[in-house]
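Working through the structure, step by step
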Amino acid sequence: MLAILLSNIFIFSPQTVYITNIGQFTVSLFAILKICLIPVLGLLLIFYPVSKLIPDARSTRYAAVLAMLSMLVWIQGNILLWEYGLLDGKSIVWSDYEWRGWFDGSLWTAAILVTCWYKHVANIAIRGAIFIFILQLLTASYTSIQNWNLIHKEYQTSGNEKLTEISNFSPTSNVLHLVVDGFQSDVFDELVHHETLKDRYENSFQGFEYYRETLGVFPYTIFAVPAFLAGELYSNQSPKDQFIDDVLKGKTILSAAKKAGYQIDLATGGGYMGNRYANLPFNNLYNLDNIASVGAELKDPVVALELSLFRVSPHFLKRYIYNDQKWLLSQLLFGEEFYKFGYFSHTYFLNKFIQEMKVERSAPVYKYLHVMNTHNPIVVDDHCQYSGKPSSMTRTSLTTQAYCTLDTLARLLDRMKEMGVYDTTLIIIHGDHGGWVPNYRQGPPATLVSGDKAPEWMTSLASPLLLIKKPNEKTPFRISDIYASLLDIPATIADTMDWEADFKYQSLEMLKTSGPGTRERYFRFYFWQRDAWEADYTNPIQEFRIDGSHYETEWKLARVIYPPQH
């Protein structure tokens, strides 16, 4: 029975987590299960000899308690799957779910006590545990065979030699395309106009044009990427993974760069988006999950174990496993905040990028970097040091982390000037979407198809940063209020670099020449769903039309795009 209990916790549950979130992992299922076997074997070696010391008269009761625990683990992880929202770094308000703790606690306590007191219940528990074990074994075998091509994915390591090459520029022509996930435009506007920061940032960002009125396309990364790399919009007409993969394999601004003779360097996180990005053309691919000594070979199994323990534990234990977003296993195994939070690991990458920078590439280079410095969780204090634990995202806390990020970006640009590649490089810095805190919108609230007012963070997520510096641009830092969209990025880059590539949307350079005026733009909003990673389609997409400034004018619901068989 002990083996069955441990298998439920450390084998079947991680396998379920992996299969239902398969795009989130970089390594194979077998690589994860190899690590998961360690606690199984270790606990068996400890507790099996102990079980032999139990008198025969009590051994059946002992086995029955283990069997009931096995059943409770299965019930908790497959039936009592409480919803806690997206585990992306946001705090969980545990007091809102206190009743779940009383329910779980009562169920677990009653089941164990009844098993101890009533012999016939003990026999039922043993038979039930064996039945559930066989059921899980068959289910795990079936789902593994069904997803065979995905679960034995080949893992690509990213050593220091890749980082060195990623940091290497051409002396003749470069494109630096930097996506800072979740960087909210009006937060940048506030920082760049701050009286103590204004002069420094205007100097570091000399030649840049800040498109203050930029409208995003989607509220989340997965559909924003095909939009700003290829000008393609997801419309719930095909499975989302297939759509993203097909777009990134096809005509993108990176394929246009490749056709123009540019080498392609990619540096992104692993997981779901890392697997999608691997469809792009590239010469060098650096996985940001491999920062320092904790690579995906260890990180992915730990994540699978943490999610599994969170899944199968009763409510009151989940709080300690989540551990204020620091996760218990990560805290025990890795210790320092560097390993746990995207801000620190990606800041480390950017600092190494600055430190390792050189100008020795013979061919022109397109560098695409996607970092998570301004994304949840919020983990820095006013001195850009670890704040001790993640804090809730407020206007103040987001601005602080954005300031720390901007300070790193300014040092990167200053280093490019020292190395003599700043002037000849096209540099694009933008968010994939905005942040979660209210922006400075003055217009009327948007109305959803349900008739309810849209959450105020919807318009914030539609407000990503967009900065562009053209090659050999000598003008001071300046601000443009033209009605830009992230959809304009591929056409703008192709136009600026004079590449032979046509995209669906308009170059911002062409838009400037058409003069001021109202432009019809669209933002597609949808609510995140619990099964977002494994679902083929997303929730209904509500498309809003904005005629003019998205901070001031009305957001009009134009249409709703439902998934098939809605």
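As a reminder, the structure under discussion sits directly above these lines.
Residues numbered from 1 in each chain as written. Predicted model: local features only at pLDDT ≥ 70, side-chain atom pairs only at ≥ 80, totals over all residues. Heavy atoms only, no water.

Some words on the overall build of the chain
- For the chain, the helix and strand inventory stands at 21 helices and 15 strands.
- Taken against the 2.2 N^0.38 rule, which gives 24 Å for 566 residues, the C-alpha radius of gyration of the chain at 26 Å falls within 12% of a compact globule.
- Based on the C-alpha atoms only, the size of the chain along its principal axes is roughly 90 × 55 × 45 Å.
- Going through the 566 residues of the chain one by one, you find that 55% of them count as buried.
- Taking as baseline every contact in the chain between residues at least 6 positions apart, the subset at least 24 positions apart corresponds to 77%. (Helix = DSSP H or I, 4+ residues; strand = E, 2+ residues; numbered from the N terminus. Rg over C-alpha atoms; globule rule 2.2 N^0.38 Å. Buried < 20%, exposed > 50% of the residue type's maximum accessible area, 1.4 Å probe, protein only. Contact = heavy atoms within 4.5 Å.)

Comments concerning helix α4 (residues 98-117)
- Over its 20 residues, α4 extends 29 Å from the first C-alpha to the last, a length consistent with the 28 Å expected when each residue adds 1.5 Å.
- Looking only at α4, the buried set comprises Arg100, Gly101, Asp104, Trp108, Ala111 and Thr115. Each buried residue of α4 lies within a common arc of 120° when the element is viewed along its axis, so the set occupies one face. Exposed residues lying more than 90 degrees from the buried face of α4 are Trp99, Trp102 and Trp117. (Expected span 1.5 Å × (residues − 1). Arc of directions from axis to C-beta.)

Details of the sheet that holds strand β2 (residues 174-180)
- Reading across the sheet, the eight strands line up as β5-β4-β7-β2-β10-β11-β3-β12 and stay open at both edges, with mixed pairing between neighbours. Looking at the sheet topology across the chains shown, the edges are occupied by β5 (284-287) and β12 (478-480). Across the sheet, the axes of successive neighbouring strands diverge by a mean angle of 15°, strand direction being ignored.
- Sheet topology places strand β3 (residues 209-211) next to β12; three bridges connect them, and they run parallel. Bridge pairing in β12 links tyrosine 211 to serine 480.
- On the sheet, helix α17 (residues 342-356) packs against β4 (263-268), β5 and β7 (365-371) and is oriented at approximately 155° with respect to β7.
- Strands β2, β7, β10 (425-430) and β11 (466-469) of the sheet are contacted by helix α20 (residues 489-497), whose axis makes an angle of about 170° with β10. (Pairing = 2+ DSSP bridges. Axes fitted to C-alpha atoms, helices over the stretch in contact; angles between N-to-C directions.)

Regarding the sheet that holds strand β13 (residues 520-525)
- An order of β13-β14-β15 is seen for the three strands of this open sheet, with the pairing classed as antiparallel. Across the chains shown, the open sheet's two edge strands, defined by having one partner strand only, are β13 and β15 (555-561). Each adjacent strand pair in this sheet contributes to an overall mean axis angle of 30°, direction not counted.
- Of the pairings in the sheet, the one linking strand β14 (residues 541-547) to β15 comprises six bridges and is antiparallel in character. If you follow arginine 545 over to β15, its bridge partner there is lysine 556.

Quick word on the pairing of strand β9 (residues 386-391)
- Looking at chain direction, strand β8 (residues 378-380) and β9 are connected through two bridges and run antiparallel. In the sheet register, valine 380 faces β9, and the bridge partner there is tyrosine 386.
- Connecting the antiparallel pair β8 and β9 is a turn made up of five residues, with cysteine 384 showing a positive phi of about 65°.

Things to note about the side chain of histidine 370
- The residue histidine 370 is located in strand β7 in this model.
- Here tyrosine 277 takes part through its side chain, which lies 2.7 Å from a polar atom of the side chain of histidine 370.
- Excluding its chain neighbours within four sequence positions, the residues that come into contact with histidine 370 are Val179, Asp181, Thr221, Ala267, Thr268, Gly269, Tyr277, Leu288, His346 and Asp432. (Polar contact = N/O pair within 3.5 Å; in protein donor to acceptor, adjacent residues only side chain to side chain.)

A look at the packing of aromatic side chains
- According to the stated counting rule, one finds 36 aromatic pairs in the structure shown.
- Arginine 100 extends its terminal NZ or CZ atom over the ring of tyrosine 84, reaching a point 5.0 Å from the ring centre. (Phe/Tyr/Trp six-rings, centres within 6.5 Å; stacked < 30°, edge-to-face > 60°. Lys NZ or Arg CZ within 6 Å of the ring centre and 35° of its normal.)

Structural notes on the state of the cysteines
- By the definition in use, this model includes one disulfide.
- Each sulfur of the disulfide joining cysteine 384 and cysteine 404 lies 2.1 Å from the other. The disulfide joining cysteine 384 to cysteine 404 has a torsion of about -95° about its S-S bond and is therefore left-handed. You can see cysteine 384 sitting in the loop between β8 and β9 and its partner cysteine 404 sitting in helix α18 (residues 395-419), a full 20 residues away along the chain.
- A residue is classified by how much of its surface remains accessible, and cysteine 404, at 2% relative accessible area, is buried. (Disulfide = S-S within 2.5 Å.)

A word on the pairing of β14
- When you tally the buried positions in β14, you get five out of seven residues, the bulk of the element.
- Taken together, the six bridges between β13 and β14 define a ladder with antiparallel strand orientation. Pairing of glutamate 520 across the sheet is with aspartate 547, part of β14.

Focus: the packing of α17 against α18
- For the pair α17 and α18, the least separation of the axes is 9 Å and the interaxial angle reads 15°. Classified by the interaxial angle, the pair formed by α17 and α18 is roughly parallel. In the packing of α17 onto α18, the handedness of the crossing is left-handed. Where α17 abuts α18, its residues Tyr343, Thr347, Leu350, Asn351, Phe353 and Ile354 lie against Gln401, Cys404, Thr405, Thr408, Leu409, Arg411, Leu412 and Arg415.
- In terms of residue class, the contact of α17 with α18 is built from seven nonpolar, five polar and two charged. (Parallel < 35°, antiparallel > 145°, perpendicular 65-115°, else oblique. Left-handed = near helix turned anticlockwise from the far one by under 90°. Nonpolar A, V, L, I, M, F, W, Y, C, P; charged D, E, K, R; others polar.)

Let's talk about the environment of serine 507
- With respect to the element layout, serine 507 can be found in the loop between α20 and α21 (508-513).
- Separated by 44 residues in sequence, serine 507 and serine 463 place their C-alpha atoms 19 Å apart.
- A polar atom in the side chain of serine 507 sits 2.8 Å from the side chain of aspartate 495.
- Of note is the side chain of serine 507, whose polar atom sits 3.1 Å from the backbone nitrogen of glutamate 509.

Quick look at the environment of histidine 370
- Assessed through its relative accessible area of 5%, histidine 370 is described here as buried.
- C-alpha of histidine 370 to C-alpha of histidine 430: the two residues are 60 residues apart in sequence and 9.8 Å apart in space.
- Here the side chain of histidine 370 touches aspartate 181 through a polar contact of 2.8 Å, side chain to side chain.

Section: the pattern of salt bridges
- Enumeration according to the criterion identifies 29 salt bridges in this entry.
- Across the salt bridge formed by aspartate 265 and lysine 367, the nearest N and O atoms sit 2.7 Å from each other. Of this pair, aspartate 265 sits in strand β4 while lysine 367 sits in strand β7, and the two are 102 residues apart along the sequence.
- The class of aspartate 265 is buried, set by a relative accessible area of 0%.
- Residues participating in the shared-partner salt-bridge network are Glu209, Lys470, Glu473, Arg478, Glu509 and Lys512. (Salt bridge = Lys/Arg side-chain N within 4 Å of Asp/Glu carboxyl O.)

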